[in-house]
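# Observations on the model geometry
What follows is each chain in one-letter form.
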Amino acid sequence: MPNPAAGAERLAGGVEEEAAPPGPVRRSARAWRWAGAAVFLLVILAVFDAYLHLSKTYPENSDEANILLMANDMLHGNIFLHGWSVSDVPFISTELPQIALLVWMFGLHLNTAHIAAAVTYTLVVAVGLLLAKGHAHGGAAVARMALALAIMLAPQPGIGVFVAIFSVGHIGTALPVMLTWLVLDRLGRRWFVPLIVAVMLAWALMADPLVLVVAIYPMLAVCLVRLVSVVVAAARDGSGPRGMRQALLGRWFELSLSAAAGTAYLIAWWGGQLLSNAGGYVQQPVPYALDATRTWFWHAQVVVHGLLEMFGAYFVPWTDSFIAWPYPQRPMSGLDQAFALTRLACVVFAVWGACAIARRMFSRDADFVSQLLLAGIVANIFAYIPSTLAAHTALNTREIAPVLPFAAVLAGRMLGDRLVTGPLATIRLPRWGARDGRRPHSLGVRLVAVPLVVLFGWYSYGLFRQADAPAAPEPLTKVAAFLEARHLRYGLGGYWEASLLTVQTGGAVTVRAVTPACLQPYRWESKRDWYDPKLHAANFILLSNVPGYFSKFAVSGAALRLLNKWYGPPGYPAGWPRYLHTGGYYHVRVYPGNLLTQMPRIASALNSPAVPCG
């Protein structure tokens with residue numbers, strides 16, 4: 001019986017006597033959350049499977065093989081990579097530990113590199129979806145995540161796969177950066193958040209110097225923009241110096257994040273010094289330099305090409321000599337072109353999302369994470385275009401790989417909510433859905449969602465169709481069999497064949513990379529012990545006639561002529577060195593002595609102003 005006392009239902013917690021109990025509602029909401037989490041995990045597993053197959057369509061090379069060797073060394077106790085000369089990106093705190101775990105699980109095989117690449121990009125997609133969701137719920141959250149997923153879903157076979165799902169590179173750097181922004185987004189303006197941000201950015205920066213460009217500098221710039229915006233607003237309101245000071249104090253969080261960005265740099269620098277003092281790896285400097293201004297327009301064209309490939313939207317058939325070796329690039333079919341054309345919609349959404357936050361960049365209530373993402377995109381592209389790094393084919397757009405997930409997340413956060421607005425169509429469910437004489441349920445569908453769902457289904461079909469392509473066979477299989485059959489176990493060769501053969505054969509044939517002209521240790525992702533004549537005896541050189549880009553790394557020149565002289569008559573019998581042709585682009589020179597002992601002698605003979613030895 002209802003309580004007649006005025007306000008009795010308010011005193012009882014706002015629940016009227018005849019109202020439905022809240023328990024079933026809570027259980028229903030909890031069930032929906034669990035269902036959403038289950039769907040999310042199923043989507044992630046499905047795209048991982050597709051990305052693993054896509055990665056296998058691209059043949060491995062020595063870059064990935066060297067990363068596997070570093071991870072394996074780390075797995076066996078060399079945590080600081082003592083004796084290693086790494087590239088300009090060490091990956092010491094991010095992808096190398098992940099790959100070491102995968103090597104422990106699956107072994108030191110080329111296929112492990114494909115698994116690692118698929119895992120990395122799948123994690124980038126997963127974190128990107130969570131960051132795109134933001135604080136939205138229900139249909140808005142689904143729309144945001146679906147839009148971000150559609151944009152990241154299907155990089156194009158060839159360059160797109162190379163940049164996003166194949167190479168160990170800057171696409172993995174997007175993961176710790178977006179994790180940092182996710183912490184910032186979820187925890188909000190709390191006093192300890194800047195401390196967490198500083199540690200996470202330092203963690204990422206130790207692995208990749210690009211974090212300076214895509215995260216630390218953008219953090220400083222966005223915090224400055226947000227500080228200036230409140231000061232300008234206070235000045236316009238006529239608040240005077242006191243009002244502007246109060247406005248700055250109100251932005252204590254931005255001031256703290258600025259300090260966190262600087263602290264992250266210092267922590268990473270200090271960590272590098274500790275590694276160096278502990279006898280850790282030697283890192284090569286970043287080869288960044290400004291190119292001539294007359295080349296910038298061509299660089300911009302290459303960037304557009306590479307970005308379209310990453311988005312899966314480059315519909316013009318073309319081939320690249322880099323991709324064409326060792327196996328020809330699959331020609332683009334009419335269906336592939338149609339798929340790429342429709343992927344231009346993703347580019348439109350990405351540009352639209354960037355413009356939406358750019359228009360509000362100086363607003364006091366602008367979304368902080370979206371500002372950071374836009375600043376990271378702009379900094380990455382505008383640092384890359386004028387540099388000599390861009391003076392290559394679109395394959396080198398791996399240097400701007402974070403642009404793809406950043407743009408996808410930005411589009412989801414800025415545009416996803418709009419996809420759940422607009423005209424609503426009501427669909428009445430069949431009569432059998434009605435019970436106890438009640439009216440049948442109805443379903444509301446936004447009209448704008450219908451073509452977008454169809455387009456998303458088309459993108460999914462395109463992804464799994466591309467993933468269904470046959471895997472590329474392991475490269476250099478015939479060369480490996482040729483060397484094994486002749487019991488050639490340890491030798492020297494060009495960079496692109498050396499570690500690839502070593503990992504492909506499981507160490508049955510070991511080839512170490514040397515500089516092309518002077519036959520010296522190649523100080524790029526190599527270990528000092530490899531060239532120690534007390535530990536190893538190298539008795540052959542693998543020579544290559546592969547055309548195009550790879551020819552620059554093949555052993556040739558004055559060092560070979562010196563070896564022919566030293567290992568020929570009269571000191572050695574006629575017939576030395578021996579020349580063996582493997583068929584195709586490769587042949588082998590076999591010597592009667594340990595070539596590693598001759599390296600200092602070659603360097604001394606060739607290290608002159610006339611013939612510099614590098």
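Residues numbered from 1 in each chain as written. Predicted model: local features only at pLDDT ≥ 70, side-chain atom pairs only at ≥ 80, totals over all residues. Heavy atoms only, no water.

### Thoughts on the overall build of the chain
- A count of helices and strands for the chain gives 23 helices and 10 strands.
- Burial statistics for the chain: of 614 residues in total, 50% are counted as buried.
- Counted over contacts in the chain with a minimum sequence separation of 6, partners at least 24 positions apart contribute 77%.
- Counting every atom, the chain has about 29,000 Å² of accessible surface; 65% of that belongs to carbon and sulfur. (Helix = DSSP H or I, 4+ residues; strand = E, 2+ residues; numbered from the N terminus. Buried < 20%, exposed > 50% of the residue type's maximum accessible area, 1.4 Å probe, protein only. Contact = heavy atoms within 4.5 Å. Areas by Shrake-Rupley, 256 points an atom, 1.4 Å probe, with all protein chains shown as cover.)

### Examining the sheet that holds strand E7 (residues 526-527)
- Strand order in the open sheet formed by 3 strands is E2-E1-E7, and the pairing between neighbours is mixed. The open sheet has two edge strands with one neighbour each: strand E2 (282-283) and E7.
- Of the pairings in the sheet, the one linking strand E1 (residues 84-86) to E7 comprises 2 bridges and is antiparallel in character. Residue pairing across strands places Ser-85 opposite Ser-526, the latter belonging to E7. (Pairing = 2+ DSSP bridges.)

### Some thoughts on the confidence of the model for the chain
- On average, residues of the chain score 87 in pLDDT, and 87% of them reach the 70 mark or higher.
- Taken as a whole, residues 1-20 scores under 50 in pLDDT and shows 8 contacts with residues more than four places along the chain or in a different chain. (pLDDT = per-residue confidence, 0-100.)

### Points about unusual backbone geometry
- In this structure, Pro-570 follows Pro-569 across a cis peptide bond, with omega equal to 5°.
- If you trace the backbone, Pro-570 turns up in the loop between helix H22 (558-566) and strand E9 (578-583).
- The linkage connecting Trp-576 with the following residue, Pro-577, adopts the cis geometry, with an omega of -10°.
- For Pro-577, the location among the structural elements is in the loop between H22 and E9.
- For Phe-91, which is not glycine, the phi dihedral falls at a positive 60°.
- Along the chain, Phe-91 turns up in the loop between E1 and helix H4 (95-106).

### Regarding the packing of aromatic side chains
- All told, the structure shown has 15 aromatic pairs when counted by the stated rule.
- We note Arg-486 situated over the ring of Phe-482; from NZ or CZ to the ring centre the distance is 3.6 Å.
- Residue placement shows Arg-512 over the ring face of Trp-530; its charged tip is 3.8 Å from the ring centre. (Phe/Tyr/Trp six-rings, centres within 6.5 Å; stacked < 30°, edge-to-face > 60°. Lys NZ or Arg CZ within 6 Å of the ring centre and 35° of its normal.)

### Some points on the pairing of strand E10 (residues 586-590)
- Among the 5 residues in E10, 5 count as buried, and that is most of the element.
- Covered by surrounding structure in E10 are Tyr-586, Val-588 and Val-590 together with His-587 and Arg-589, the residues of both alternating faces.
- Bridge analysis of strand E8 (residues 540-544) against E10 gives 5 bridges, and the strand direction is antiparallel. Counterpart to Phe-540 in the pairing with E10 is Val-590.
- As paired strands, E9 and E10 are joined by 5 bridges and run antiparallel to one another. Note that in E10 the partner of Leu-580 across the bridge is Val-588.

### So, the side chain of Arg-343
- With respect to the helices and strands, Arg-343 occurs in the loop between helix H15 (334-342) and helix H16 (344-359).
- Nearest to the buried, unbridged Arg-343 among oppositely charged side chains is Glu-309, at 11 Å.
- In contact with Arg-343, not counting residues within four places along its chain, are Ala-150, Ile-151, Leu-153, Ala-154, Phe-311, Gly-312, Ala-313 and Tyr-459. (Lys, Arg positive; Asp, Glu negative; His and termini not counted. Salt bridge = Lys/Arg side-chain N within 4 Å of Asp/Glu carboxyl O.)

### Quick word on the sheet that holds strand E6 (residues 510-513)
- Pairing in this open sheet of 5 strands is mixed, and the strands run E6-E5-E8-E10-E9 from one edge to the other. Across the chains shown, the open sheet's two edge strands, defined by having one partner strand only, are E6 and E9. Looking at each pair of strands side by side, their axes are set apart by 30° on average, direction ignored.
- Note that strand E5 (residues 490-493) and E6 share 4 bridges and pair parallel. Paired with Leu-492 across the strands is Arg-512, a residue of E6.
- Helix-sheet contacts for helix H21 (residues 495-504) involve E5, E6, E8 and E10, and the interaxial angle to E6 is about 150°. (Axes fitted to C-alpha atoms, helices over the stretch in contact; angles between N-to-C directions.)

### Some remarks on helix H23 (residues 599-606)
- Along H23, the positions that sit buried rather than exposed are Met-599, Ile-602 and Leu-606. End-on, the buried residues of H23 take up no more than an arc of 60°, which puts them together on one face. Set apart from the buried face of H23 by more than 90 degrees, the exposed residues are Pro-600 and Ser-604.
- Its buried side turned inward, H23 meets E5 and H22. (Arc of directions from axis to C-beta.)

### Focus on the nonpolar core
- Counting residues in each nonpolar core, the largest one holds 179 residues, and the members touching the most others are Tyr-51, Tyr-121, Trp-181 and Ile-541.
- Ignoring anything within four residues of it in the chain, the contact list for Tyr-121 reads Tyr-51, Met-152, Pro-155, Ala-164, Ile-165, Ile-171 and Leu-404. (Core = buried A, V, L, I, M, F, W, Y, C linked by side-chain atoms within 4.5 Å.)

### Overview of helix H18 (residues 403-415)
- Taking 1.5 Å as the rise per residue, H18 with 13 residues should run 18 Å; its terminal C-alpha atoms sit 17 Å apart, in good agreement.
- Among the 13 residues that make up H18, 13 are buried, leaving the element largely enclosed by the rest of the structure. (Expected span 1.5 Å × (residues − 1).)

### A few points about the pattern of salt bridges
- A full pass over the atoms with the stated rule returns 10 salt bridges.
- For Asp-185, the salt bridge is made with Arg-413, and the minimal N-O distance between the two is 3.1 Å. Of this pair, Asp-185 sits in helix H8 (residues 170-187) while Arg-413 sits in helix H18; the two residues are 228 residues apart in sequence, bridging distant segments of the chain. Taken individually, Asp-185 and Arg-413 each receive the classification buried, so the pair is uniform in this respect.
- Through salt bridges with shared partners, a single network forms among Asp-185, Arg-186, Asp-367 and Arg-413.

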